[in-house]
Amino acid sequence: MMIPVRCFTCGKVIGEHWEEYQARLDDGEDPAEVLDDLGVTRHCCRRMFVSHKDLVDVVSPYQ
Amino acid sequence: MVADFEVEFIERDDRNARFLVRGASPAFANGIRRAMIADVPTFSIDTVRFVENSSVMFDEMIGLRLGLVPLTTPLDDFEVGETVTLALDVEGPGTAYSGDIETSDDLVEPADDNIPIIELKEQQRIELEADAVLDTGREHAKHQGGVAVGYRHLQRVEVVGDAGEFDEGEPNILRGVIETEDGELVATDEFDHDLAERYPGKELAVHDVPGAFVFHVETDGSFSVEELVTRAAESIGARAAELETKVAV
Amino acid sequence: MSYKCSRCKRDVELDEYGGVRCPYCGHRVLLKERAPTIKEVDVE
């Protein structure tokens, strides 16, 4: 639904980088380079970004 | 009596550090690691009182998210078990961020301001009050100050000769920190974790250096790396002192 | 027990005789409103 606050595996705070990651992907940047730049280096943290989908817009009409 | 520790920093940042400790036994290195994870307390939201929540997520889901937000923890000013009250009141459209959390004590505030808590649409609102409590990682993982804390042996790389003329140029992957023959400490990411890149065409011998550990310590922002390591060492010291007095009685 | 009609969005009080039906527009889908009390959640 929303990006998790922390990485499930190691506990690093990742939520704060989500919006920048999304914005830079929309600008056509390479995801791997954006994640390196954000300091998200471990593959446990990287999968949090790569595999996430925001669902708030999908469920909000059904309130 | 064991020899003194020798500590050398390879990388040093507020939240991220790598340092070499010489003269430590494996048991002691692991003791420090465990103390950093389980014994150094941090503030974390523990109880949430929802006044209003018309967002798309349940109260419990938002409560869990709030519990994971790191809060700055000045350990000199608080004892384990003390609480600080926080509040959040945001109206949509917009996103409620960790930075919107207001605190009753300026010493305890969200360490990161840009963590999205919940996205709010038109006419949605969230209003809540929360109690943050100081506790240890032993009690709940959300109270862990250290993130991905670990150590490796320092590895000594020696050139023993030239590689055979017809040897395949295979990569020789190594992670951590190496000590070269002239005693220089090099983090392996400087040469892409590939020894073949640093020593092309050489035959190498790699050994663990006994009693030398390279710690990698990262904090969630509750406090600095120095604070985490010193508090962990203090907690081991305090337990040893307790044992000493109890045995003496 | 306070409900809200999903069609006309008006507050509806149900009694035991009227059955489940909005007295204003006759719609049969009613939504239960969130209780106005403060809810305490233990974050574990």
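Residues numbered from 1 in each chain as written. Chains lettered and ligands numbered in written order. Predicted model: local features only at pLDDT ≥ 70, side-chain atom pairs only at ≥ 80, totals over all residues.

- Within an unreviewed UniProt entry, the label attached to chain C reads DNA-directed RNA polymerase subunit Rpo12, and the organism entered is Haloplanus salinus.
- Recorded in UniProt under Function (unreviewed entry), the annotation for chain C is "DNA-dependent RNA polymerase (RNAP) catalyzes the transcription of DNA into RNA using the four ribonucleoside triphosphates as substrates."
- Heading Catalytic activity (unreviewed entry) of the UniProt record for chain C holds this comment: "RNA(n) + a ribonucleoside 5'-triphosphate = RNA(n+1) + diphosphate". (UniProt positions renumbered as here; feature names shortened; annotations may be inferred.)

- The name that an unreviewed UniProt entry assigns to chain B is DNA-directed RNA polymerase subunit Rpo3, with the source organism given as Haloplanus ruber.
- The record in UniProt for chain B states the following under Function (unreviewed entry): "DNA-dependent RNA polymerase (RNAP) catalyzes the transcription of DNA into RNA using the four ribonucleoside triphosphates as substrates."
- The Catalytic activity (unreviewed entry) comment attached to chain B in UniProt states, word for word, "RNA(n) + a ribonucleoside 5'-triphosphate = RNA(n+1) + diphosphate".

### A look at the arrangement of the chains
Then step 1. Contacts are most numerous between chains A and B, considering all two pairs of chains that are in contact.
Then step 2. At the level of C-alpha atoms, the two units chain A and chain C stay apart, their nearest approach being 10 Å. (Contact = placed C-beta atoms within 7 Å.)

### Observations regarding the interface of chain B and chain C
It is common to give the size of an interface as the accessible area lost on bringing the parts into contact.
Then step 1. Listed by partner, the interface residues are 13 residues for chain B and six residues for chain C.
Then step 2. For the side of chain B that touches chain C, the elements supplying multiple residues, two or more each, are strand S3 (42-53) and helix H2 (59-68) of chain B.
Then step 3. Here the side of chain B that touches chain C takes seven residues from S3 of chain B, the largest share from any one element.
Then step 4. Its residues assigned to classes, the side of chain B that touches chain C comprises six nonpolar, three polar and four charged.
Then step 5. The sheet contact formed by S3 of chain B and strand S4 (residues 39-42) of chain C spans four bridges and is antiparallel. Among the inter-strand pairings, Val48 of chain B is bridged to a residue of S4 of chain C, identified as Val41 of chain C. (Helix = DSSP H or I, 4+ residues; strand = E, 2+ residues; numbered from the N terminus. Nonpolar A, V, L, I, M, F, W, Y, C, P; charged D, E, K, R; others polar. Pairing = 2+ DSSP bridges.)

### Structural notes on the domain arrangement of chain B
Then step 1. With domains assigned, chain B is organised as domain 1 (6-39 + 146-219) and domain 2 (42-137).
Then step 2. A straight line from the C-alpha centre of domain 1 of chain B to that of domain 2 of chain B covers 39 Å. (Domains from an automatic or database assignment.)

### Brief notes about the UniProt feature "binding site: Zn(2+)" (unreviewed entry) in chain C
Residue and element names in this part refer to chain C.
Then step 1. As recorded in UniProt, the feature "binding site: Zn(2+)" (unreviewed entry) lies at Cys8, Cys22 and Cys25. Despite a sequence span of 18 residues, these residues sit close together in the fold, their greatest C-alpha distance being 8.8 Å.
Then step 2. Within the secondary structure layout, Cys8 lies in the loop between strand S1 (2-5) and strand S2 (11-13).
Then step 3. With residues up to four places along the chain from it excluded, the contact list for Cys8 reads Cys22, Tyr24, Cys25 and His27.
Then step 4. With respect to the helices and strands, Cys22 occurs in the loop between S2 and strand S3 (30-32).
Then step 5. When sequence neighbours within four positions are dropped, the list of residues in contact with Cys22 reads Cys5, Cys8, Val12, His27 and Leu30.

### Quick notes on the UniProt feature "domain: DNA-directed RNA polymerase RpoA/D/Rpb3-type" (unreviewed entry) in chain B
Then step 1. The UniProt entry lists residues 16-246 of chain B under the feature "domain: DNA-directed RNA polymerase RpoA/D/Rpb3-type" (unreviewed entry), expressed in the numbering used here.
Then step 2. Taken end to end, residues 16-246 of chain B comprises 21% helix and 39% strand; its first and last C-alpha atoms sit 37 Å apart.

### Observations concerning the interface of chain B and chain A
Then step 1. Each side of the interface is counted separately: chain B has 19 residues, and chain A has 18 residues.
Then step 2. Breaking the side of chain B that touches chain A down by element, the ones donating at least two residues are H2, strand S7 (116-120) and strand S9 (146-162) of chain B.
Then step 3. Examining the composition of the side of chain B that touches chain A, we find that three residues originate from one element, S7 of chain B, more than from any other.
Then step 4. Grouping the amino acids of the side of chain B that touches chain A by side-chain chemistry returns eleven nonpolar, three polar and five charged.

### What to know about the sheet that holds strand S8 (residues 125-135) of chain B
Then step 1. Taken together, five strands build an open sheet; the order of strands is S6(B)-S4(B)-S8(B)-S3(B)-S4(C) and the sheet is antiparallel. Strand pairing shows two members of the sheet lacking a second neighbour, strand S6 (102-103) of chain B together with S4 of chain C, which therefore form its edges.
Then step 2. Contacts between H2 of chain B and the sheet are confined to S3 and S8 of chain B together with S4 of chain C, with S3 of chain B contributing the most and set at about 150 degrees to the helix. (Axes fitted to C-alpha atoms, helices over the stretch in contact; angles between N-to-C directions.)

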